[in-house]
Every structure is written in C-alpha cells, then in structure tokens.
There are 2 protein chains.
Amino acid sequence: MTERVRITYRLTPHPGQEIDILCRSIALEQTVEMAEDAIHSDRIRECIVGNCEVIEEVSGQPGCYQAVISYDAAVTGYTVPQFLNLLYGNISIKDNIRIVDVELPCDLLRRWRGPQFGISGVRAATGVHDRPLAATALKPMGLAPRELAAIAEEFARGGGDIVKDDHGLADQPFCRFRERVERCQEAVSRANQATGGTTLYFPNICAPFHEIEEHLDYVADLGVRGVLIAPFLLGLDTVRHVAQRYPLLIMAHPAFSGTHFHDRRHGIAPGVVLGTLFRLIGSDISIFPNAGGRFPFTQDDCLDIGRRLRAPLGELRPAMPAPAGGMDLERIPEMAAAYGNDAIFLIGGALLHDRRRIAADTAQFVVRIRRCSEDLGAGEPAPRRAGSR
Amino acid sequence: MTERVRITYRLTPHPGQEIDILCRSIALEQTVEMAEDAIHSDRIRECIVGNCEVIEEVSGQPGCYQAVISYDAAVTGYTVPQFLNLLYGNISIKDNIRIVDVELPCDLLRRWRGPQFGISGVRAATGVHDRPLAATALKPMGLAPRELAAIAEEFARGGGDIVKDDHGLADQPFCRFRERVERCQEAVSRANQATGGTTLYFPNICAPFHEIEEHLDYVADLGVRGVLIAPFLLGLDTVRHVAQRYPLLIMAHPAFSGTHFHDRRHGIAPGVVLGTLFRLIGSDISIFPNAGGRFPFTQDDCLDIGRRLRAPLGELRPAMPAPAGGMDLERIPEMAAAYGNDAIFLIGGALLHDRRRIAADTAQFVVRIRRCSEDLGAGEPAPRRAGSR
C-alpha cells in the first residue's frame, strides 16, 4: 500500500463536459500530462496517475460536483514546491476547479514538521496564557525608523503582545531594514524593562532570494523572537526553510494569495491556503482578513481558517489564527466569540489613529480582550461556531 | 522628480462604489494600509501613497474603468518581492481589480536586468538562427531516468532543438533528479556527437529552498546550458537570482500562476504575468498554454504574451515565447503565423505518442517548422497580428 495524498475538488463542469472524464483529465494533467492512450505502461496508469475515489453531486447545487482524487505521495517528491504543483500547478490555468480539502499522509507531515512553536510556543514567548493576544502593525509606510520605533515603544508600554512591521515595510531608501529592526527591537526592549512586560516585535522579512538568510541571521542576532513573512511573495517553501532552521516564530501574511479566493468555482479555498497550507509550511500564526472588514471573506471562510489552523493534523502543532484587515476595538467581543482564546487580534490603523494615545488605547485593547475572555469562561474551551464544512 | 512605477488597472466597481474613491483606496491599500485621515504627514500622503493619474470609462463597457496609478519606485525597495506586493499584494484579496499593464522606470529595469541571454542567446546556444525552435518535454512521469534519457536521445537524433523535463519531474523516489539529469545530458551529448547537432537538454529545477543552489551547481557542472523553472512554485525572485548568478538559460513555466487568469475582472492579465513579469525576472523563454489547446487562453492573450516578451523594454533583452499545452504538428503553420520566427514551438505528448518514431517525428517537426518559416519569408520580420491592447 502506498501512502496517498487525497485532494478534494469542487467541480462545475461546462455544459456537455462529463464529470467522470473531467476527473480523469485532472488526474492525468497533474501527473503525466498526456492523454490516457499515450501511456504505454500499466504501472504508470495505475500508480502515477491519480485515482478518482469519490465523485458525487453536491446536494442542492445541481451541476456542481465534489470529487476526491488520491495520488501516491511519492509524486510530491516529499517537497513543498512539487506538492504545490501536484495540488494546483497546471489546473490553476483551467477554470471551474476549486480545491476544498487536502489530506496528507503522516509521512509527509512528519517531513515538513509544520509550526516549530505553535500556539504553546507563542504563549510561552509572550507570557500570555489565558486570553487572546493583542497585536498591531507599524505604519504608515514612509515613517522613519525612529518614528516607527516610537510607536512600537508606546504599544509595548501599553501592554500589547505583538507589534509587527506593516507588510509593506521592506528595505526602502526612506526606511532601511536594519536600522528599523534595530531601533524597534531596542524600543520594545526598553519598554519591556520599564514595565516588566514581554511585548514582542516581529520585523517583516521581504528580501531578495540571496538576502533572505542574511536578514534572518541579522534579526535573530538582535534577539528578535519572530518574523512576519508573506509566503506568496517569498515562495511557500522559504517559510518551511525558516521554520526548520531559525529560532523564530513565524507570522504568515496573505499578500499576493488572493486570486485563489475571489471566485467560488476556482482557486483554493481560503481555509486550505491560509489554514492548512500555511500551517504545513510552518506558520505559527496566520493573518487573514476577517469577515466584515475591508476584504470580502465570509464568516464561514474565516472560521474554516481558524479551525484548520488548530484542528488535529498528524503530529503538527496547532497554529494561531490572527483575524485582521480593518478591525477595531468594537469588534473584539465578536472576534472572541468566533475564535476563542487561542487567537491573536490584530488591530492596526484603528489603534494608531491618535499617536499620543497609543499606550492608553493599547491598554484599553488588552482590557477589552481580557474582559471578553473572562466572559467566555476562563479555562473553558471557547465556543466556536461550525465552519463551512 | 521621483522615478515612478505606473500600474494600469481595469476596475469594475460594485454598485454604489464611486470610481474615484475606489482608485484612492487602492493607492492607500498598496502603500500605507490605513485610512486617509489617519495619515498625519503631507509628505507621506503625497509621496508614498500612489497618485491616481488617469481614470476613464472603458469605451463600450459601461461600468468598467481603466485607471493608472503611479507610485514612487522607492516603495518597491528595488526588489522583486516588494514590487509584487506593491503590484498586487493586498488587492489580490479584493475583487474586480485587474492589472492590465505595468510600466517601470529604467532604474528598476537596470537593477533586475531581465534575461541574461535573451533571444540571441537562445539562438547562439542552439545554433538555429533562421526559424522557430522545435522543443519537447520528457514524459510521462513514472518513467525511469534511463527511459527518459532514451526519449531525449531520440529527439536529439531527430534534430530537435530543446528537450526539457516535464515540469512534474522533480526529485522523486521513482526518478531521482541527479540520475535523470546525468543520463539525459549524456544521452543528448551522445546524439549530438553522432549527428553534429546542438540539441539542448533543460532539466526541471523544482527543489526545496535549501537545495535550489545545489541543484543549479550540479546541472551547470554537468555542462547543462539551461533549466526549466516554474516561478510561482519556487518564488519569482528565485528566478531573478538564477538569471544573475548562473550561466544557465531560463525557460519559465506557468504552473500555479493560473488563478490570475480565469476571471477577466480580477487578477493580473496573462501578458503581464507570463510576458512582462517573467521577462523582468530574467526568463529567456516563457512557456504558455496556446489558444486552442487544453487551456482556456484566448488568441489575444497569447499574442499579448508574445508581444510583451519581445517589445522594447528599457535595455532588457527580448525573450522567446513558447506556445504549448496540447499542440501538435498540424498547429505549426498557425503558430508560425502568430508568433513569427523568434519563438519556440513546444510539442510534448503528441510527439511522444509512438516511442519508436520519435526521431522520425522530430525530423518531421523540424522540416515543417522550416517550411513555414520559409513561407513567412526568411530574414523578414514575421507578420504579427495585433495583441489585445
């Protein structure tokens, strides 16, 4: 028996397109890339080409099918890039093929390892064990390193948990990476010493290929505990590499991933990308645009992300959902009810509106989180509404 | 005067959404990520936030607008990952925003350099100066290295120009990367010695982050002249790195890029991704699914890719379009008419249908290309129908 990767597709065939033939064409396209009758080996036809295990019409959605195709895990070469290729390489260029689930054998999960720290690691690093975490982003782009450091310091003085670079802060002439990281890390340390707190600063790693490791070494040497990375900007396997080689918490950002989500008939479901995939490659925290903010994710999309980050998945550690994207303090009760205690609430712009009040507003942010968390019942597992599946 | 990156958007606002406000929200989202009134600095509002230069309704398409927003090139940090973030980071998660053009200042173009070899380099390496090139792919996945090498050898004996790994061939237990590359390179060299030909073999580089450079060194040491890479699987900046550091021709594959293309109202146009972007990061050759094959690209999409790969772009070398994806010998005249001489025709499955006839069919492939090329008029620039713009 080979170990199998099982991929679940939601398919909307074109008129006249037969569902069985469509499924077999996917199984061929993602492996041998040639017509059935051009394959001269039974072994290849049976062992390399995917095997359609289930095809059923989705109830209440005539013309829409759910199919499961399984593939020998060896086809992935046990690497992330070739796994992505198997998952959605060529068929991404087709249409009406949506990935809604993926199931990996233990062997693959063990090799990729997933989060190095996971929820308990994030909690240990921040010293916060009984409530959701309060996070913010340093912005706007265009501020000098010392100005960003001043914001970070105020946030830390207010008792916030994680302050990250805005994901547009790279290494720009008006704000150099090294100076920014050094000043922000220093500012947060200074505030922590004054308050006895444990606020963490996460710089954004958005470097060219040949500088990624230099940047990681630099931040690790400064005592930075975690980084922000956008897997779709740097390459998804880059994140796996960071998780396996650097003593850094990883907060993943969804930038450049969004074309998977805007059409319900094509792409990869938000929960699979920002939940399952981001966790597989080692994200300890996954940021996503919460429902009701500036982005069009639904509540079900978001709950599915939260569920997939934390549900049992081989021996992989659970990761923390970080709902974001236009949140403010008013949304805390709702986020607490939706995601429970093991989550990070990321409020950026709304917290930085009045720069003289950042420490006070951050303190208020934490108070409100604590209050909601107590309402949920300390020590009790938080109620979670069912996801979309 | 700052140097500007100019991005052209095709926008389809939701009912009630005002186009001016939508444009300004994009300019904010892609830079400062906060509301206008939270920005306290005029300098940031004027110099960092994008500047809407043009907003006009698309003629004949009521409710659809074309807008140009320019950004200070410094915002990109002059790196590919942050440029991608500026281009389509957060707005990828919105909907009804499509990128249809991008214009970069010379300064940026000079830093990224584009193709290391370009069309003239591909021609010099293959010794073919007066016609389109004939290429194929080694498949199906599941064959052993010696079987793939036998196919490569037959293709070379038939006088084909470039034989590449199928893009699903990675480093799999049933076909190891090193053994495959060594055997295929050896087989093609042996055939070249016998025929006096100059067929090239391009192995697929689909390795985890920490093995990419090892794999590149390995193939370069074997005398391999070029590689296949899927930028969306390995990270787009990885390709730029290869182009700047390795003496290897780069053939780019579109795998995993397709969610940009299936909705005409969202994503990045095929010509911009597979033409402009792939050339910018250094692809000498860009493979794309030709119209009328297994994939839903239109003729206009394909011509636009071909045009953007070869049109003047700063001092960047032009790159070669490689129409593919279900082509056969019957399509050669049409491809020749559409793309002219400076193109590579990639025929995979159809050429390998009968393995005993590969050399003969390849010879026929080249004869047909030569005939079409002569029909086009040797030395004359090939006629090209207008692209979609």
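Since the model is a prediction, treat every value here as computed from it, not as a measurement.

Focus on the relation of the copies chain B and chain A
Placing chain B over chain A gives an RMSD of 0.0 Å and needs a rotation angle of 180°, together with 0.0 Å of translation along the axis. On the angle and the small slide along the axis, the relation comes out as a two-fold axis. In terms of proximity to the rotation axis, the leading residue of chain B is G235 of chain B, whose C-alpha is 2.1 Å off the axis. Of all interface residues in chain B, 100% are interface residues in chain A too; the two copies therefore contact each other through one and the same surface.

Thoughts on the sheet that holds strand 7 (residues 200-202) of chain A
All names here are of chain A. With parallel pairing, the 4 strands of this open sheet are ordered in space as 7-6-5-13. The open sheet has two free edges, formed respectively by strand 7 and strand 13 (344-346), since each of these has just one partner strand. Put simply, the sheet's adjacent strands are angled 25° from each other on average, direction ignored. This element, helix 5 (residues 118-126), spans strand 5 (133-138), strand 6 (162-165), strand 7 and strand 13 of the sheet and lies at about 80° to strand 5. Contacts from helix 6 (residues 145-157) reach strand 5 and strand 6, with the element oriented near 170° to strand 5.

Quick look at the pattern of salt bridges
Under the defined criterion, the tally for this structure stands at 51 salt bridges over all chains. One salt bridge in this structure joins E36 of chain B and R45 of chain B, with 3.7 Å as the shortest N-O distance. As a salt-bridge pair, D171 of chain B and R176 of chain B come within 3.2 Å of each other at their nearest N and O atoms. For R176 of chain B, a relative accessible area of 39% puts it in the partly exposed group. Connected through salt bridges with shared partners, the residues R24, E36, D42 and R45 of chain A form a single ionic network.

Topic: the packing of aromatic side chains
Counted by the stated rule, this structure contains 13 aromatic pairs over all chains. Between F209 of chain A and F209 of chain B, the aromatic rings sit 5.2 Å apart at their centres with planes inclined by 45°, giving tilted as the arrangement. One end of the pair, F209 of chain A, is in the loop between strand 7 and helix 8 (212-221); the other, F209 of chain B, is in the loop between strand 7 (200-202) and helix 8 (212-221), on a second chain. What makes F209 of chain A buried here is its relative accessible area of 8%. Look at F232 of chain B and F278 of chain B: their rings are 6.2 Å apart centre to centre, the planes differ by 40°, and that puts the pair in the tilted class. One end of the pair, F232 of chain B, is in helix 9 (residues 231-234); the other, F278 of chain B, is in helix 11 (residues 270-280), with 46 residues separating them in the sequence. In this structure, F232 of chain B and F278 of chain B share a single accessibility class: buried.

Section: helix 8 of chain A
All names here are of chain A. Looking only at helix 8, the buried set comprises I212, H215, L216, Y218 and V219. Angularly, the buried residues of helix 8 cover 160° about the axis, an arc narrow enough to put them on a single face. On its buried face, helix 8 sits against helix 7 (177-195), strand 8 (226-229), helix 9 (231-234) and helix 10 (236-245). Once helix 8 finishes, G223 follows within two positions and takes phi at roughly 90°, a positive value.

Regarding the interface of chain B and chain A
On the chain A side, the residues contacting the 78 residues of chain B number 78 residues. Summed over both sides, the interface of chain B with chain A buries roughly 6,900 Å², with 64% coming from carbon and sulfur. When the area that chain B buries against chain A is broken down by residue, the three leading residues are I93, F209 and F256 of chain B, summing to 13%. On inspection of chain B and its partner chain A, the count reaches 2 salt bridges. Two residues, R294 of chain A and E29 of chain B, come together in a salt bridge whose shortest N-O distance is 2.8 Å. Between the two partners, chain B and chain A, sit 29 residue pairs in polar contact (both at pLDDT 80 or more). Of the residues contributing to the side of chain B that touches chain A, the split by class is 35 nonpolar, 27 polar and 16 charged.

Details of the sheet that holds strand 8 (residues 226-229) of chain B
Residue and element names in this part refer to chain B. Ordered in space as 8-9-11-12, the 4 strands form an open sheet in which the pairing is parallel. Strand pairing shows two members of the sheet lacking a second neighbour, strand 8 and strand 12 (320-324), which therefore form its edges. Sheet twist, expressed as the mean angle between neighbouring strand axes with direction ignored, is 20°. Across 2 bridges, the pairing between strand 9 (residues 249-252) and strand 11 (residues 285-289) is parallel. Within strand 11, the position partnered with M251 by the bridge is I285.

Section: the packing of helix 3 (residues 80-88) of chain A against helix 10 of chain A
All names here are of chain A. Their axes nearest at 8 Å, the elements helix 3 and helix 10 cross at an angle of 145°. By crossing handedness, the relation of helix 3 to helix 10 is classed as right-handed. Contacts from V80, P81 and L84 in helix 3 reach L236, D237 and R240 in helix 10. Looking at the contact of helix 3 with helix 10 residue by residue, the classes come out as 4 nonpolar, no polar and 2 charged.

Overview of the side chain of D165 of chain A
Residue and element names in this part refer to chain A. Looking at where D165 falls in the secondary structure, it is placed in strand 6. A polar side-chain atom of D165 sits 3.0 Å from a polar atom in the side chain of R180. Not counting residues within four places of it along the chain, the set of residues in contact with D165 comprises L138, R180, Y201, F202, P203, N204 and L228.

Things to note about the side chain of T8 of chain B
Considering the arrangement of structural elements, one finds T8 of chain B in strand 1 (residues 4-11). With near-sequence residues (within four places) excluded, T8 of chain B lies in contact with Q66, A67, V68, R98, I99, V100 and D101 of chain B.

Here we look at the nonpolar core
The biggest cluster of nonpolar side chains holds 246 residues, and the ones touching the most others in it are Y9 and F83 of chain A together with Y9 and F83 of chain B. Filtering out sequence-adjacent residues up to four positions away, F83 of chain B remains in contact with V5, T76, V102, L104, W112, L277 and L280 of chain B.

Some details on unusual backbone geometry
All names here are of chain A. Cis rather than trans, the peptide bond between K139 and P140 has omega equal to 0°. Its identity is not glycine, yet N96 carries a phi of approximately 60°, on the positive side. Note on N96: relative accessible area 12%, which makes it buried.

Some remarks on the environment of D42 of chain A
Locating D42 of chain A in the fold gives a position in helix 2 (residues 42-48). Along the primary structure D42 of chain A and Y218 of chain A are separated by 176 residues, whereas in three dimensions their C-alpha atoms are 53 Å apart.

Side note on the environment of A150 of chain A
With respect to the element layout, A150 of chain A can be found in helix 6. Once the C-alpha coordinates of A150 of chain A and P15 of chain A are considered, the two residues, 135 residues apart in sequence, prove to be 60 Å apart.

About the thresholds
- Residues numbered from 1 in each chain as written.
- Chains lettered and ligands numbered in written order.
- Predicted model: local features only at pLDDT ≥ 70, side-chain atom pairs only at ≥ 80, totals over all residues.
- Heavy atoms only, no water.
- Least-squares fit on C-alpha atoms with pLDDT ≥ 70 in both.
- Contact = heavy atoms within 4.5 Å.
- Pairing = 2+ DSSP bridges.
- Helix = DSSP H or I, 4+ residues; strand = E, 2+ residues; numbered from the N terminus.
- Axes fitted to C-alpha atoms, helices over the stretch in contact; angles between N-to-C directions.
- Salt bridge = Lys/Arg side-chain N within 4 Å of Asp/Glu carboxyl O.
- Buried < 20%, exposed > 50% of the residue type's maximum accessible area, 1.4 Å probe, protein only.
- Phe/Tyr/Trp six-rings, centres within 6.5 Å; stacked < 30°, edge-to-face > 60°.
- Arc of directions from axis to C-beta.
- Buried area = accessible area lost by both parts, 1.4 Å probe.
- Polar contact = N/O pair within 3.5 Å; in protein donor to acceptor, adjacent residues only side chain to side chain.
- Nonpolar A, V, L, I, M, F, W, Y, C, P; charged D, E, K, R; others polar.
- Left-handed = near helix turned anticlockwise from the far one by under 90°.
- Core = buried A, V, L, I, M, F, W, Y, C linked by side-chain atoms within 4.5 Å.

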